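Descriptive structure summary
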Amino acid sequence: MDFNVRKLATDAGIFFSRAVQFTEEKLGQAEKTELDAHFENLLSRADCTKNWTEKIYRQTEVVLQPNPGARIEEFLYEKLDRKVPPRPTNGEILGQFMLEAAKEFGSGTPYGSTLIKVGDCQRRLGGAEREFLQTSSISFLIPLRNFLEGDWRTISRERKLLENRRLDLDACKARVKKAKAAETKAAAEHELRVAQTEFDRQAEVTRLLLEGISSTHVNHLRCLCEFVEAQAMYYSQCHKYMLELQRELGRCPDSLDVNCHPASSPTDPSAFLPLNSPSPLETDALQIEEVQPPASGTRKAKVLYDYDAADSSELSLRADELITVYTVPGMDSDWLIGERGNQKGKVPVTYLELLS
């Protein structure tokens, strides 16, 4: 008990001495040991790294999970050291709703069959998003968080200890200047030498940690490149799925090859053309004005929904009107040639009800 009291009194005395020294420095009444320029640059670089890493980490969390409630839930599970339960992505939920709606409306109807196609695509998009989120978390978010919660805390602790050693050193310097008697001055100089040794040792430890920030930058650079690769792969997959969906719905030229933009080349500009932009292969497309009705005859069809032609090769439709339709060899099965008076063009099958 007596030992603890003495230790408490000693700690209180040291704390009071440091507080006095710090206050006098702020008031300009005491000298302050300055760190060398290189050390100051290391400190500034470390602070800059911490601040921007924290901002990038927080904003990346928002980008990957915009729902703050879900982020809080994941944080609590992590603190409790429990596995986060699987949560479907918004795309997967939307896809499931569409598939369930298709069952209600009937998969044989134009609307129902289209819901099935779009719903399946949404589920695949949701799956790609899930994979992207998992990859980004492992390769980018976790390393940034490890730095903030590990390396940076160690650096902060050692910097605080260095600041205490500096205050002790400056307090010893002040006592040496104030000492008058030879015996008092000798004791103060001894304390000064001890304080200087401890300060130099702590400064070297802190310097080594601060110089390790360069390695941190190299590691974060690698993680950033992996994040970009995961993001590029994700968008490339989404682009491919949407092209496939367009082709299934009959909104893309039959000659468009959805495999012409491999995921291994996400930076190819041609892989991200606007969905309605002309295809490089359109020169080989069917010339509508040269198409003639087949010898086997034509059929009448009732238009179910309004349809606006995407280009000059298509025919715009209005709901409930009757048109003449037929097919030609080599034409996509999702399309027919439609005629209304002197007008002629491609029309999507899903917008028609074929009459016998």
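Before reading further, recall that the structure is shown in the block above.
Structure report, in brief. Owing to the predicted nature of the structure, the values given are computational and were not obtained by experimental measurement.

**A few points about the sheet that holds strand 4 (residues 343-348)**
To summarise the sheet geometry, strands pair through backbone hydrogen bonds and adopt either a parallel or an antiparallel arrangement. Reading across the sheet, the five strands line up as 4-3-2-1-5 and stay open at both edges, with antiparallel pairing between neighbours. Of all the strands in the sheet, the pair left with one neighbour each is strand 4 and strand 5 (352-354). Going across the sheet, the axis of each strand differs from the next one's by a mean of 40°, ignoring polarity. Where strand 2 (residues 322-326) lies against strand 3 (residues 335-340), three bridges are found, and the strand directions are antiparallel. Bridge pairing links Y326 to I337 in strand 3.

**Observations concerning the pattern of salt bridges**
Under the criterion given, the structure shown has 14 salt bridges. One salt bridge in this structure joins R130 and E92, with 2.7 Å as the shortest N-O distance. Here the residue R130 occupies a position in helix 5 (residues 110-178), and E92 occupies one in helix 4 (residues 90-105), the gap between them amounting to 38 residues. The exposure class of R130 is partly exposed, given its relative accessible area of 26%. One salt bridge in this structure joins E198 and R165, with 3.9 Å as the shortest N-O distance.

**A few points about helix 5**
Taking 1.5 Å as the rise per residue, helix 5 with 69 residues should run 102 Å; its terminal C-alpha atoms sit 96 Å apart, in good agreement. S137 marks where helix 5 bends most, by close to 45°.

**Re the pairing of strand 2**
In terms of burial, strand 2 is a largely internal element, four of the five residues being buried. With four bridges joining them, strand 1 (residues 299-303) and strand 2 adopt antiparallel strand pairing. Residue pairing across strands places A301 opposite I323, the latter belonging to strand 2.

Thresholds applied
- Residues numbered from 1 in each chain as written.
- Predicted model: local features only at pLDDT ≥ 70, side-chain atom pairs only at ≥ 80, totals over all residues.
- Heavy atoms only, no water.
- Pairing = 2+ DSSP bridges.
- Helix = DSSP H or I, 4+ residues; strand = E, 2+ residues; numbered from the N terminus.
- Axes fitted to C-alpha atoms, helices over the stretch in contact; angles between N-to-C directions.
- Salt bridge = Lys/Arg side-chain N within 4 Å of Asp/Glu carboxyl O.
- Buried < 20%, exposed > 50% of the residue type's maximum accessible area, 1.4 Å probe, protein only.
- Expected span 1.5 Å × (residues − 1).
- Bend = angle between axes of the 7 residues up to and from the residue.

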